[in-house]
Amino acid sequence: MKYRIERMEELRSRDLEHFIYEFESCVILARSILDILLEDINLKFKLGICCDERLDINILQKIAKHCKNKRLAEFIQWYSKVYDDLKRSDIGNLLFQFRNIAVHRSYRRFVELSMATTVPVGDYAEAVRVPDKEVGAQAALSLAKHSTERGEIKIILKCDDEVMEEFTPESAVQKCRDIVQRLELVVKDALERFWDERR
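These lines cover the structure that appears in this document, whether it is placed above or below. These figures come from a predicted structure and were not determined experimentally. (Residues numbered from 1 in each chain as written. Predicted model: local features only at pLDDT ≥ 70, side-chain atom pairs only at ≥ 80, totals over all residues. Heavy atoms only, no water.)

1. Description of the nonpolar core
Part 1: Core analysis: the largest hydrophobic core is formed by 45 residues, its most contacted members being Phe19, Phe23, Leu60, Trp78 and Leu86.
Part 2: For this core, the elements supplying multiple residues, two or more each, are helix 1 (2–11), helix 2 (16–44), helix 3 (57–67), helix 4 (70–88), helix 5 (92–104) and helix 7 (169–195).
Part 3: Here the element with the most residues in this core is helix 2; it accounts for 12 residues. (Core = buried A, V, L, I, M, F, W, Y, C linked by side-chain atoms within 4.5 Å. Buried < 20%, exposed > 50% of the residue type's maximum accessible area, 1.4 Å probe, protein only. Helix = DSSP H or I, 4+ residues; strand = E, 2+ residues; numbered from the N terminus.)

So, in structure tokens, the structure goes:
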């Protein structure tokens, strides 16, 4: 994920199409960390849930009731709290709703530009919105032959005409940094609680 953030830093003022791609990749990778924790617990406690079977907290709860494993029950309680806290946090919308829509559904990417600004957008963004008018991606390409840092750039992610997220390239980079920082703490806590052999 840190690599994705470095790429976003490089691309934010010169290639918005690839910037958005790196942003989406960072969020999708970040959300996978919670699933990897479930898989690691599956292996640690030798639960035998195969790779082609569904693995979520509900499955673990059923197994914990059946096998009466106290440590597994503790993990489930900890994981459920972490999951709920993240979902309600300032990064929750990106980490859960946006990630699920980006992976499982289609959504529209808009880039809002001040009139003085042109940036490379490409086919990846489906439309560019200049205040008071909207133009398609092909027309946007002709508007965006060269890049300049003048003016405000806003990326707007929409699903079913509802705005999911709205941010500048700078705030997108910061959001990704916040996500990485928060998830590093989650992983560190998990390792200390459930993988430290002294406990």
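Still more ground to cover, so stick around.
2. A look at the environment of Ala30
Part 1: Residue placement: Ala30 occurs in helix 2.
Part 2: Residue classification places Ala30 among the buried residues on the basis of a relative accessible area of 0%.
Part 3: Those residues in contact with Ala30 that lie beyond four places of it in its chain are Met1, Leu95, Ile179 and Leu183. (Contact = heavy atoms within 4.5 Å.)

3. Some remarks on the packing of helix 2 against helix 4
Part 1: As a packed pair, helix 2 and helix 4 sit with axes 12 Å apart at the nearest point and diverge in direction by 175 degrees. Comparing the axis directions of helix 2 and helix 4 gives the class roughly antiparallel. Taking contact as the criterion, the partners of Arg31, Leu34, Asp35, Leu37, Leu38 and Ile41 in helix 2 are, on helix 4, Leu72, Phe75, Trp78, Tyr79, Tyr83 and Leu86.
Part 2: Of the residues belonging to the contact of helix 2 with helix 4, the class tally is 10 nonpolar, no polar and 2 charged. (Axes fitted to C-alpha atoms, helices over the stretch in contact; angles between N-to-C directions. Parallel < 35°, antiparallel > 145°, perpendicular 65-115°, else oblique. Nonpolar A, V, L, I, M, F, W, Y, C, P; charged D, E, K, R; others polar.)

4. Considering the packing of aromatic side chains
Part 1: The tally for this structure, following the rule as stated, stands at 7 aromatic pairs.
Part 2: The interplanar angle of 35 degrees and the centroid separation of 5.6 Å between the aromatic rings of Phe75 and Tyr79 together place this pair among those described as tilted. Separated by 4 residues within a single helix, Phe75 and Tyr79 lie in helix 4, roughly one turn from each other.
Part 3: Phe75 sits in the buried class, given a relative accessible area of 0%.
Part 4: Residue classification places Tyr79 among the buried residues on the basis of a relative accessible area of 4%. (Phe/Tyr/Trp six-rings, centres within 6.5 Å; stacked < 30°, edge-to-face > 60°.)

5. A word on the side chain of Arg31
Part 1: Among the secondary structure elements, Arg31 is positioned in helix 2.
Part 2: Note on Arg31: relative accessible area 8%, which makes it buried.
Part 3: With residues up to four places along the chain from it excluded, the contact list for Arg31 reads Tyr83, Leu95, Phe96 and Arg99.

6. Topic: unusual backbone geometry
Part 1: At Lys46, a residue that is not glycine, the phi angle is positive and equals roughly 50 degrees.
Part 2: With respect to the secondary-structure elements, Lys46 resides in the loop between helix 2 and helix 3.
Part 3: Phi is positive for Lys68, close to 55 degrees, though the residue is something other than glycine.
Part 4: For Lys68, a relative accessible area of 70% translates into the label exposed.

These figures come from the coordinates and say nothing about function on their own.
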